Structure formats: C-alpha cells, structure tokens
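Summary of the model geometry
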Amino acid sequence: MGSFKNQILSILMIILIVQISVPAHAATPASIQIDSHSQSITTDQIVKFSAVVKDSSGSPINELVNWSVSSGTIDSEGTFTPGLVGQTIITATSGNVNSTTSINVIAGRAVGIQSNFSITEVSVDDEIQLNATLVDRAGNPVSGELVWRCQNGEVDYDNNTWKPGSVGNATM
C-alpha cells in the first residue's frame, strides 16, 4: 500500500509541476488613471503627465501608454507643450482603453507682434489704419500696449492711423 501512495504522490507532484510551469499570460488593460496635475497653465509652461494602467482586478500593470492632445503637443513620455488658449483635452490610451483629462491654457507673455495689414505701397496722401497684435510663443493674442513709430510721416495715436510725410520708403 505504501508503494501505491508513493505512486499517487509522484503523479500529483508531476501534475503540480506541470501546472506551475505553464506561463502566465499578460493582463489586459481595463482602466487608465491619469495622475493629478495643474488645472491651469500658460503657454510658457510645460506639464509632465503620467498615468497608471490597471487590469480588471484594479492592479497596476506595466503597459505602454500612448498620449494625444486636442491642442499643442505631447510626446511619448507625457510631456505636454500648450498651444491654443482654452480648454485642452489630454488622452491616455493603452490597448483598447483610454482616459481623458483637461487643462486650461491661458496666454503667456508677449514675445512678438503680428501685423494685421499687408499694404506695401501707399500714396503720399493715403491714411493707413494701423493694426497689430501682441502674441505669445504659440501665436495667441496677448493684451498690452503697442507703440507705433515711423521715420517718415505722422502717426495719429488717437485714431491708430499713419500718413506718409514724403515719397520714399517707410518702416513701421
């Protein structure tokens, strides 16, 4: 009888070893949790987003996260560079699962001037409406005061107009 027990124990050990040596299959993403972040930033700032992918039991799993945004750019590491002013939607995707969050983007500091007129030739008796906007690094309008100067002619600051003073070239 002892030998029969030993045979049964040997068979059970083989079954146990076979069951243990079967490779485990990777968990499938069931949810993505985007970590907390600033609610509002300027176009001068960047934000590093991160996310945790979880399986159906809620346990974190090591899965690749792909990032996308509605405005601006975001790289594969989750580093977001803002674009247009307003609400931006950030999406994290892994497998067939995605999660979104939003961030409010406000204009940054002025770094340039966008001219809103394209006249290249005028008559000495023309009066030209001056129109330009301060812009941030992403091209968003920024409030602020523009001061017009020209070496040829006269600028009417009350009406934002310019009238040439003589024939020749003028640079605004």
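Above this text you will find the structure in question.
All values reported here derive from a predicted model rather than from experimental measurement. (Residues numbered from 1 in each chain as written. Predicted model: local features only at pLDDT ≥ 70, side-chain atom pairs only at ≥ 80, totals over all residues. Heavy atoms only, no water.)

**Focus: the environment of L134**
Residue position: L134 is located in strand β13 (residues 132–135). Using a relative accessible area of 14% as the deciding quantity, one classes L134 as buried. On a C-alpha basis, the gap between L134 and R109 in space is 9.1 Å, while along the polypeptide they are 25 residues apart. Beyond its immediate chain neighbours, meaning those up to four positions away, L134 contacts A110, G112, I113, N140, P141, V142, S143, G144, E145 and L146. (Helix = DSSP H or I, 4+ residues; strand = E, 2+ residues; numbered from the N terminus. Buried < 20%, exposed > 50% of the residue type's maximum accessible area, 1.4 Å probe, protein only. Contact = heavy atoms within 4.5 Å.)

**Looking at the sheet that holds strand β1 (residues 31–34)**
Strand order in the open sheet formed by three strands is β1-β4-β5, and the pairing between neighbours is antiparallel. Two strands bound the open sheet, and with one partner strand each, they are β1 and β5 (60–61). Taken together, the two bridges between strand β4 (residues 51–54) and β5 define a ladder with antiparallel strand orientation. Residue V53 lies in a different strand from β5, and its bridge partner there is I61. (Pairing = 2+ DSSP bridges.)

**A short note on the nonpolar core**
The nonpolar side chains of a soluble globular protein tend to be buried, and buried together. In terms of nonpolar packing, the biggest core is built from 16 residues, with F49, W67, F80 and I103 touching the most fellow members. Of all the elements in the fold, those that place two or more residues in this core are β1, β9 (86–94) and β10 (97–106). Broken down by element, the residue count for this core peaks at three residues, all from β10. Aside from chain neighbours lying at most four places away, what touches W67 is I34, F49, S50, A51, I74, D75, S76, E77, G78, I90, T91 and A92. Formed by seven residues, the second largest nonpolar core is a distinct cluster that contains I128, C150, V155 and W162. (Core = buried A, V, L, I, M, F, W, Y, C linked by side-chain atoms within 4.5 Å.)

**Here's the deal with the pairing of β13**
Looking at chain direction, strand β11 (residues 112–115) and β13 are connected through four bridges and run antiparallel. Across the sheet, residue Q114 finds its bridge partner in β13, namely T133. By the bridge criterion, two bridges tie β13 to strand β14 (residues 141–142) in an arrangement that is antiparallel. Bridge pairing links V135 to P141 in β14. Here β13 hands over to β14 after five residues, with G139 in that stretch at a positive phi of 90°.

**Examining the sheet that holds β14**
Hydrogen bonds between backbone groups are what pair the strands of a sheet, and the pairing can be parallel or antiparallel. Read across the sheet, three strands follow the order β11-β13-β14 without closing on themselves; strand pairing throughout is antiparallel. Pairing within the sheet leaves two strands with one partner each, and these edge strands are β11 and β14.

**A word on the packing of aromatic side chains**
Aromatic ring pairs are defined here through the distance separating the ring centres and the angle between the ring planes. Within this structure, the stated rule accounts for two aromatic pairs. Between the aromatic rings of F49 and W67, the centroid separation amounts to 6.2 Å while the plane-to-plane angle is 40°, which identifies the pairing as tilted. Of the two residues, F49 sits in the loop between β3 (47–48) and β4 while W67 sits in strand β6 (residues 66–69), which places them 18 residues apart along the sequence. With respect to burial, F49 and W67 carry one shared label: buried. Between F49 and F80 the ring centres are 6.1 Å apart and the planes differ by 65°, which places this aromatic pair in the edge-to-face class. Taken together, the residues span a long stretch of sequence, with F49 in the loop between β3 and β4 and F80 in strand β8 (residues 79–81) at a distance of 31 residues. What makes F80 buried here is its relative accessible area of 0%. Taken together, the aromatic side chains of F49, W67 and F80 make up a single cluster linked through ring pairs. (Phe/Tyr/Trp six-rings, centres within 6.5 Å; stacked < 30°, edge-to-face > 60°.)

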